[in-house]
Amino acid sequence: MKRLLCAAVSALAIFIMHGCGSSINYELPDEPEKFNTQTFVSPTDKDDSYIVIEYNGKKYIPYGTLKGKLKGKDVGECLGYIVQDGTEDRNTRIYLLTANENSDYLAEINTEGFMEQPLFLRAEDTKGKNTDTPSYIENLGYDFWR
C-alpha cells in the first residue's frame, strides 16, 4: 500500500510538472511594446492588402495558423500587445518563437479566446528566401507569400 501511494504521488508530481512546462506564459512584460497595426499593400498587386505590425524595423505580415499543438516550449518572450485604430487590445499579444532565432516569425495569440487559433506573422524581408518554418505553422497560402 505504501509503494502504491508513493507511486501515485510520483505520477501526480510528474503530471503537474509536465502540465506546467507545456503552458504558455501569458504575462505581459513590465513595459510592453504597443504594436500599432498598419495596412500593407502588396507591391505586385494593389488589390492585395494586409494588416501588419513592425518589430525591430521589420514589417510582419500574416502567414499562417497553427498546425497541431503549440507548446509552452515553442513560445518565447511576450513582447507586447496589438493596438488597432487607436484601440488597445491587451488580450491580443505578440510573442517571439523559440525555434526561430532570426525572428523571421512572430506569434499573435489571444489570451482570452480559448478557441481562437494563433496567427503567425512572417517578416516581409523573408519573401522569396528559404526560412526555417517551424513544423507547427501551417501556411495559409496568402497571395503575397506565393
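About the thresholds
- Residues numbered from 1 in each chain as written.
- Predicted model: local features only at pLDDT ≥ 70, side-chain atom pairs only at ≥ 80, totals over all residues.
- Heavy atoms only, no water.
- Helix = DSSP H or I, 4+ residues; strand = E, 2+ residues; numbered from the N terminus.
- Buried < 20%, exposed > 50% of the residue type's maximum accessible area, 1.4 Å probe, protein only.
- Contact = heavy atoms within 4.5 Å.
- Areas by Shrake-Rupley, 256 points an atom, 1.4 Å probe, with all protein chains shown as cover.
- Salt bridge = Lys/Arg side-chain N within 4 Å of Asp/Glu carboxyl O.
- 1 Å grid on protein atoms, 1.4 Å probe; cavity = no way out; pocket = protein on both sides within 12 Å on 5 of 7 lines; lining within 4 Å.
- Points joined across faces, edges and corners; volume = space filled by probe spheres on them.
- Nonpolar A, V, L, I, M, F, W, Y, C, P; charged D, E, K, R; others polar.
- Polar contact = N/O pair within 3.5 Å; in protein donor to acceptor, adjacent residues only side chain to side chain.
- Phe/Tyr/Trp six-rings, centres within 6.5 Å; stacked < 30°, edge-to-face > 60°.
- Lys NZ or Arg CZ within 6 Å of the ring centre and 35° of its normal.
- Pairing = 2+ DSSP bridges.

Draft legend 1. The arrangement of the overall build of the protein chain in detail. For the protein chain, the count of helices and strands is 1 helix and 9 strands. In sequence order, the protein chain lays out its α and β elements as α-β-β-β-β-β-β-β-β-β. Across the 146 residues of the protein chain, 36% fall into the buried class. Restricting the contact set of the protein chain to residue pairs at least 6 apart, pairs at least 24 apart contribute 56%. Carbon and sulfur atoms make up 50% of the accessible area of the protein chain, which totals about 9500 Å².

Draft legend 2. Up close: the pattern of salt bridges. One pass over the full model with this rule turns up 2 salt bridges. Of the charged contacts in the structure, one is a salt bridge between D143 and R146, with a shortest N-O distance of 3.0 Å. Of the residues examined, D143 reaches a relative accessible area of 44% and is grouped as partly exposed. For R146, a relative accessible area of 69% corresponds to the exposed category.

Draft legend 3. Summary view of the layout of surface pockets. Of the voids in this model, the second largest pocket is the one considered here, and its volume is about 210 Å³. Lining the second largest pocket are 13 residues, with T37, I51, I82, Q84 and E108 positioned closest to its centre. Every element with two or more residues in the lining of the second largest pocket is listed here: β3 (49–55), β4 (58–66), β5 (75–84), β6 (87–97) and β8 (119–123). For the lining of the second largest pocket, the element with the most residues is β3, which contributes 3 residues. Grouping the amino acids of the lining of the second largest pocket by side-chain chemistry returns 8 nonpolar, 3 polar and 2 charged.

Draft legend 4. Fine view of the environment of T133. One can find T133 in the loop between β8 and β9 (137–139). Linking T133 and R122, residues 11 residues apart in sequence, is a C-alpha distance of 9.4 Å. If we ignore the near neighbours within four places in the chain, the residues touching T133 are Y63 and Y105. There is a polar contact of 2.5 Å between the side chain of T133 and the side chain of Y105.

Draft legend 5. Layout of the packing of aromatic side chains. One pass over the full model with this rule turns up 9 aromatic pairs. Centre to centre, the rings of Y50 and Y142 are 5.7 Å apart; their planes meet at 85°, and the pair counts as edge-to-face. In this pair, Y50 is assigned in strand β3 and Y142 in the segment after β9, connecting sequence segments 92 residues apart. Three or more aromatic residues joined by ring pairs form one cluster here, namely F40, Y50, Y63, Y105, Y142, F144 and W145. A cation over an aromatic ring shows up here: K127 above the ring of F144, its NZ or CZ 4.2 Å from the ring centre.

Draft legend 6. A look at the pairing of β8. Most of β8 sits inside the fold, with 4 of its 5 residues counted as buried. Direction of pairing for β4 relative to β8: antiparallel, over a ladder of 5 bridges. Note that in β8 the partner of G64 across the bridge is F120. Two strands pair when backbone bridges link them, and strand β7 (residues 105–110) and β8 are joined in this way by 4 bridges, in the antiparallel orientation. Across the sheet, residue Y105 finds its bridge partner in β8, namely R122.

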